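# Reading the structure
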Amino acid sequence: MEAPDTFLQLPLTIDPATKAISSTDSTLSADLDDLNKFHRTLLALETPQQTPPPPAPVHPKRSVQINKLRESGNASYKKGDFSGAITLYNLAMRMASERPSWEASGLVREELSALYNNRAQVHMAQQNWAEGSVDAECSVELKRVGNLKGWWRRGVCLKEMGRTEEAADWVKTGLEFERVGPEKDKVAELEGLLKEVSKGMEKP
């Protein structure tokens, strides 16, 4: 027989001015921090009565601003202004990651994946292979299928750093995902990279 539910009174206090909740119990700190952060997010809403909108709609202003920052970053990259491009991508990434928690997480992952991919390309243009590898990996972690550029870019970065075995394993994994994905007809470049890496491993 299951034990009956037990009521446990927690030592909670609320700030009358800010309405923030605190406790003398340190085990509650993380949960209360999340709760207070969510409360501050609600207070900052640009909606009537500061109530969250329905879950389906996405804040159009934020989406437009993120796209503009990304496009501006792309333009700076094409002009060779790598520092400016990274700054713009960073701003877009911050804006995307700060979307309210009730908005679709899939949208955030999509936006961040593309931005990490763009930033990886800028690092590669400067031969910053380690930084490019990290950003490309982040892009793939956020979007594994339909992300040929992310798989390819990290593979190139690993190859350039002399980590050929790791590069080969990475590209092989990428091909497993992409050959069954929406870009399965475009894997030739990734296959070519695997051949190139494999030849490098054969050299004494």
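Check the entry above for the structure.
Everything in this summary refers to the structure shown in the same document. (Residues numbered from 1 in each chain as written. Predicted model: local features only at pLDDT ≥ 70, side-chain atom pairs only at ≥ 80, totals over all residues. Heavy atoms only, no water.)

Before going further, it helps to examine the packing of helix α5 (residues 129-142) against helix α6 (residues 148-160). At a closest axis distance of 8 Å, the pairing of α5 and α6 adopts a crossing angle of 150 degrees. Judged on the interaxial angle alone, α6 and α5 are roughly antiparallel. The two elements α5 and α6 cross, and the hand of that crossing is left-handed. For the pair formed by α5 and α6, the contact residues are W129, G132, S133, A136, E137 and V140 on the first element and G150, W151, R153, R154, V156, C157, L158 and E160 on the second. When its residues are assigned to classes, the contact of α5 with α6 shows 7 nonpolar, 3 polar and 4 charged. (Axes fitted to C-alpha atoms, helices over the stretch in contact; angles between N-to-C directions. Helix = DSSP H or I, 4+ residues; strand = E, 2+ residues; numbered from the N terminus. Parallel < 35°, antiparallel > 145°, perpendicular 65-115°, else oblique. Left-handed = near helix turned anticlockwise from the far one by under 90°. Contact = heavy atoms within 4.5 Å. Nonpolar A, V, L, I, M, F, W, Y, C, P; charged D, E, K, R; others polar.)

On to the layout of surface pockets, then. The space that makes up the second largest pocket amounts to roughly 240 Å³. Around the second largest pocket sit 14 residues that line it, and R70, A114, N117, N147 and K149 are the ones nearest its centre. At the level of elements, α4 (105-125) and α6 are the ones that each hand at least two residues to the lining of the second largest pocket. No other element matches α4, which puts 6 residues into the lining of the second largest pocket. Class assignment for the residues of the lining of the second largest pocket results in 2 nonpolar, 6 polar and 6 charged. (1 Å grid on protein atoms, 1.4 Å probe; cavity = no way out; pocket = protein on both sides within 12 Å on 5 of 7 lines; lining within 4 Å. Points joined across faces, edges and corners; volume = space filled by probe spheres on them.)

This brings us to α5. The terminal C-alpha atoms of α5, which comprises 14 residues, lie 20 Å apart, in line with the 20 Å expected from a rise of 1.5 Å per residue. Along α5, the residues that are buried comprise W129, G132, S133, D135, A136, S139 and V140. Tucked inside the fold, the buried residues of α5 contact α4, α6 and α7 (164-178). (Expected span 1.5 Å × (residues − 1). Buried < 20%, exposed > 50% of the residue type's maximum accessible area, 1.4 Å probe, protein only.)

As a further point, take the nonpolar core. Nonpolar side chains tend to gather and get buried jointly when the protein is soluble and globular. Counting 18 residues, the largest nonpolar core has W170, V171, L175 and L190 as its most contacted members. Among the elements of the structure, α5, α6, α7 and α8 (188-202) are those that each provide at least two residues to this core. Those residues within four positions of V171 in sequence are excluded, and the remaining contacts are G155, L190, L193 and L194. Membership of the second largest hydrophobic core comes to 14 residues, among which are A85, M93, A96 and Y116. (Core = buried A, V, L, I, M, F, W, Y, C linked by side-chain atoms within 4.5 Å.)

Below, the discussion takes up the pattern of salt bridges. Side chains bearing opposite charge may pair, as long as their charged atoms lie close to each other. Under the counting rule described, the total for this entry stands at 11 salt bridges. Across the salt bridge formed by E111 and R99, the nearest N and O atoms sit 2.8 Å from each other. A residue pair is termed long-range when its members are at least 10 positions apart, and E111 in helix α4 and R99 in the loop between α3 (82-97) and α4 qualify at 12 residues. Residue E111 is classed as buried on the basis of its relative accessible area of 11%. Across the pair E166 and R154 runs a salt bridge, and its minimum N-O distance is 3.4 Å. One end of the pair, E166, is in helix α7; the other, R154, is in helix α6, and 12 residues separate them in sequence. The class of R154 is buried, set by a relative accessible area of 7%. (Salt bridge = Lys/Arg side-chain N within 4 Å of Asp/Glu carboxyl O.)

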